[in-house]
Amino acid sequence: MIRICPSILNANFDDLPNEIQRVAAQADLLHLDVMDNVFVPNFTFDLEKSLEIINQSALPVDVHLMIANPDSEAIKFVAANTASITVHFEACHNPQQTLRDIKHKGVRAGLAVKPNTPIEAVEELLPDIDMILVMTVEPGFGGQKFMTEMMPKVEKARSWLRDKGFNDKWIQVDGGISLETIRTAYQAGADTFVAGSAVYRAENPGEMIELLRQEALS
Ligand code: DX5
Ligand code: ZN
């Protein structure tokens, strides 16, 4: 079982309800990239706009917080359609407490690591993590090249989950996922895939999601 999560970072921001509708039948989750121009050098949506998108979404939403103070901000993104909230290890002062706060709201808790952060950072937090996000680009922008050199991190995370019997935790990859790269990430052990430009630059975004799914499992 794999999950494909289209990122609307490369969608038309002026017509988001329709852009979400174009992937609603094929996608598993909608990936919402929240950037504050502090943690990353780019800005996308503030809290108010994020909640508006979440509330309008025809799909459950996977919120990826690239913001400086996730400890106090994360649970503000909880709404009826919020399926998961992922915070960055590098931005958290108390990642364990923040993950627990998210889970207490009935939402899956994700922990993300940037390319330069060793995967060992998440190991002792595993009991409180529902999803490990291994960034396969430097966070901040869509359309970047997939970093194959992150695959050993995915492999290590997969071996921990297997060895510790954590069968309901997910491993997500985000950045540069396309028909050329998804199989590599799947074979390394990822089961949840964010795809931004691959989906929204395709003529038929819904069909591209199905192609990505087939390619991963091929
Ligand atoms: C990057 C974002 C990604 C981005 C992925 O900081 O977290 O979700 O939208 O876009 P692509 O698939 O184009 O790399
Ligand atoms: Zn993302």
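Basis of the calculations
- Residues numbered from 1 in each chain as written.
- Chains lettered and ligands numbered in written order.
- Predicted model: local features only at pLDDT ≥ 70, side-chain atom pairs only at ≥ 80, totals over all residues.
- Heavy atoms only, no water.
- Helix = DSSP H or I, 4+ residues; strand = E, 2+ residues; numbered from the N terminus.
- Rg over C-alpha atoms; globule rule 2.2 N^0.38 Å.
- Buried < 20%, exposed > 50% of the residue type's maximum accessible area, 1.4 Å probe, protein only.
- Contact = heavy atoms within 4.5 Å.
- Lys, Arg positive; Asp, Glu negative; His and termini not counted.
- Charge placed at Lys NZ, Arg CZ, Asp CG, Glu CD.
- Phe/Tyr/Trp six-rings, centres within 6.5 Å; stacked < 30°, edge-to-face > 60°.
- Lys NZ or Arg CZ within 6 Å of the ring centre and 35° of its normal.
- Pairing = 2+ DSSP bridges.
- Right-handed = clockwise from strand over helix to strand, strands pointing away.
- Donors = N, O, S within 2.8 Å, 3.2 Å for Na, K, Ca; no water.
- Tetrahedral: all angles 85-135°; square planar, octahedral: opposite > 155°, others 65-115°.
- Axes fitted to C-alpha atoms, helices over the stretch in contact; angles between N-to-C directions.
- Core = buried A, V, L, I, M, F, W, Y, C linked by side-chain atoms within 4.5 Å.

Details of the overall build of the protein
- A count of helical and extended segments in the protein gives 9 helices and 8 strands.
- Compactness check: the protein gives a C-alpha radius of gyration of 16 Å against a globular reference of 17 Å for 218 residues, within 12% of the reference.
- The burial tally for the protein puts 55% of its 218 residues in the buried class.
- By sequence separation, contacts in the protein at least 24 residues apart represent 64% of the contacts at least 6 residues apart.
- Once the 19 positive and 31 negative side-chain charges of the protein are each reduced to a mean point, those two points are 5 Å apart.

Here's the deal with the side chain of Asp130
- The residue Asp130 is located in the loop between α5 (120-123) and β6 (131-135) in this model.
- Residue Asp130 is classed as buried on the basis of its relative accessible area, which comes to 11%.
- Ignoring anything within four residues of it in the chain, the contact list for Asp130 reads Lys103, Val107, Arg108, Ala109, Asp168, Lys169 and Trp170.

Let's talk about the packing of aromatic side chains
- Using the criterion set out here, one finds 1 aromatic pair in the structure.
- Lying across the ring of Trp170, Arg108 places its NZ or CZ 3.8 Å from the centre.
- The residue whose ring lies beneath Lys169 is Phe166, and the NZ or CZ to ring-centre distance is 4.6 Å.

Some remarks on the pairing of strand β4 (residues 82-88)
- Burial analysis of β4 places 6 of its 7 residues in the buried class, which makes it a mostly covered element.
- Relative to β4, strand β3 (residues 61-66) is paired through 4 bridges, and the arrangement is parallel. Each bridged residue has a counterpart across the sheet, and for Asp62 the counterpart in β4 is Ser84.
- The sheet contact formed by β4 and strand β5 (residues 108-113) spans 5 bridges and is parallel. Each bridged residue has a counterpart across the sheet, and for Val87 the counterpart in β5 is Leu111.
- Each parallel crossover has a hand, and for β4 linked through helix α4 (residues 95-104) to β5 it is right-handed.

Focus: the environment of Glu120
- Along the polypeptide, Glu120 turns up in helix α5.
- Given the relative accessible area of 38%, Glu120 is considered partly exposed.
- In this structure, the C-alpha to C-alpha distance between Glu120 and Ala157, residues 37 residues apart in sequence, is 8.7 Å.
- Beyond its immediate chain neighbours, meaning those up to four positions away, Glu120 contacts Lys156 and Trp160.

A short note on the coordination of the zinc ion (ligand 2)
- Protein ligation of the zinc ion (ligand 2) involves His31 (NE2), Asp33 (OD), His64 (ND1) and Asp174 (OD), the donor distances falling in the range 2.0 to 2.3 Å.
- Angles of 71 to 170 degrees at the metal separate the 6 donor atoms of the zinc ion (ligand 2), which places the site in the octahedral class.
- Sequence spacing among the residues donating to the zinc ion (ligand 2) works out to H-x1-D-x30-H-x109-D. Here the residue His31 occupies a position in strand β2 (residues 30-35), and Asp174 occupies one in strand β7 (residues 170-174), the gap between them amounting to 143 residues. Asp174 carries the same exposure label as His31, and that label is buried.

So, the sheet that holds β4
- The 8 strands are arranged β1-β8-β7-β6-β5-β4-β3-β2 in an open sheet whose pairing can be described as parallel. The strands lining the two open edges of the sheet, one partner per strand, are β1 (3-6) and β2. Ignoring which end each strand starts from, the neighbouring axes of this sheet average 25 degrees apart.
- Both β6 and β7 contribute to a ladder of 5 bridges, which runs parallel. Looking across to β7, one finds that Val134 is bridged to Val173.

Overview of the nonpolar core
- In this structure, Ile8, Leu65, Ile132 and Phe193 are the most contacted members of the largest nonpolar core, which totals 63 residues.
- In terms of residue count, the dominant contributor to this core is helix α6 (residues 151-164) (5 residues).
- Setting aside residues no more than four positions away along its own chain, Leu65 makes contact with Val34, Ala74, Phe77, Ile85, Thr86, Val87 and His88.

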